Amino acid sequence: MLRLKGVHHANLAKGNYGEPLYFALKTMSLDFKAPARIDDLITIKSGVDALGKARLDLKQTILREKTTLLTAAVTVLLINDQGRPRRIPAEIVDKLEQQA
């Protein structure tokens, strides 16, 4: 989802926003609704649920046709090399706020 919105982890890590930055998983909550099976064709839908200064809350859904297999709530933080939270750059915020 981030790549499709034009947010590339390689550019973050290279320091293109002033210092090397990384998205790090803070929390993830999974709700398994139905099983997937080998060779199932699945669709994964991801979207921004909330955007904080250094935090990004995502909603994800995994579907097999119209059947919801899993829903997920994911929180990631933007951190630097030392693991300290960093404000999400305005350019990235703009990309994340754009509708797909």
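Residues numbered from 1 in each chain as written. Predicted model: local features only at pLDDT ≥ 70, side-chain atom pairs only at ≥ 80, totals over all residues. Heavy atoms only, no water.

*Asks:* How should the pattern of salt bridges be read in this particular structure?
*Replies:* When the charged atoms of two side chains lie near each other, side chains of opposite charge can form a pair. All told, the structure shown has six salt bridges when counted by the stated rule. The shortest N-O distance in the salt bridge between Glu 91 and Lys 95 comes to 3.6 Å. Highlighted residues: Glu 91 and Lys 95, both in helix H2 (residues 90-97), separated by four residues, approximately one helical turn. You can call Glu 91 partly exposed: its relative accessible area is 46%. (Salt bridge = Lys/Arg side-chain N within 4 Å of Asp/Glu carboxyl O. Helix = DSSP H or I, 4+ residues; strand = E, 2+ residues; numbered from the N terminus. Buried < 20%, exposed > 50% of the residue type's maximum accessible area, 1.4 Å probe, protein only.)

*Asks:* Would you mind showing me how to read a nonpolar patch on the surface here?
*Replies:* On the surface, a nonpolar cluster with roughly 440 Å² of combined accessible area is contributed by Leu 25, Met 28, Leu 30 and Phe 32. If you trace the backbone, Met 28 turns up in strand E1 (residues 21-32). (Patch = residues over 30% accessible without salt bridge, like charges linked within 9 Å, V, L, I, M, F, W, Y side chains within 5 Å. Areas by Shrake-Rupley, 256 points an atom, 1.4 Å probe, with all protein chains shown as cover.)

*Asks:* Looking at this model, I keep getting lost on the nonpolar core. Mind explaining?
*Replies:* Nonpolar side chains in soluble globular proteins generally cluster together in the buried interior. Counting 16 residues, the largest nonpolar core has Val 7, Leu 12, Phe 23 and Leu 56 as its most contacted members. Where this core is concerned, the elements lending two or more residues are E1, strand E3 (55-64), strand E4 (67-80) and H2. A total of five residues in this core trace back to one element, the largest contributor, which is E4. Not counting residues up to four positions away in its chain, the partners in contact with Phe 23 are Leu 2, Val 7, His 9, Leu 12, Leu 56, Val 76, Leu 77 and Leu 78. (Core = buried A, V, L, I, M, F, W, Y, C linked by side-chain atoms within 4.5 Å. Contact = heavy atoms within 4.5 Å.)

*Asks:* Can you walk me through the sheet that holds strand E2 (residues 43-51) in this structure?
*Replies:* Strand pairing in a sheet takes place through backbone hydrogen bonds and is either antiparallel or parallel in direction. A sheet is described by the order of its strands in space; here four strands give the open sequence E1-E4-E3-E2, paired in antiparallel fashion. Strand pairing shows two members of the sheet lacking a second neighbour, E1 and E2, which therefore form its edges. Across the sheet, the mean angle from the axis of one strand to that of its neighbour is 25°, orientation sign disregarded. (Pairing = 2+ DSSP bridges. Axes fitted to C-alpha atoms, helices over the stretch in contact; angles between N-to-C directions.)

*Asks:* Would you mind showing me how to read the side chain of Thr 75 here?
*Replies:* Structurally, Thr 75 can be placed in strand E4. Every residue in contact with Thr 75, bar those within four places of it in the chain, is listed here: Ala 24, Leu 25, Lys 26, Thr 27, Arg 55, Leu 56 and Asp 57.

*Asks:* What's the story with the pairing of E4 in this structure? I'm lost.
*Replies:* Each regular strand shows side chains that alternate between the opposite faces of the sheet. Note: E1 against E4, eleven bridges, orientation antiparallel. Across the sheet, residue Met 28 finds its bridge partner in E4, namely Val 74. Bridge count for E3 against E4 is ten bridges, and the pairing is antiparallel. Following the sheet pairing, Gln 60 is matched in E4 by Ala 72. Where E3 folds back on E4, the antiparallel hairpin that results is connected by two residues, among which Glu 65 adopts a positive phi of roughly 55°.

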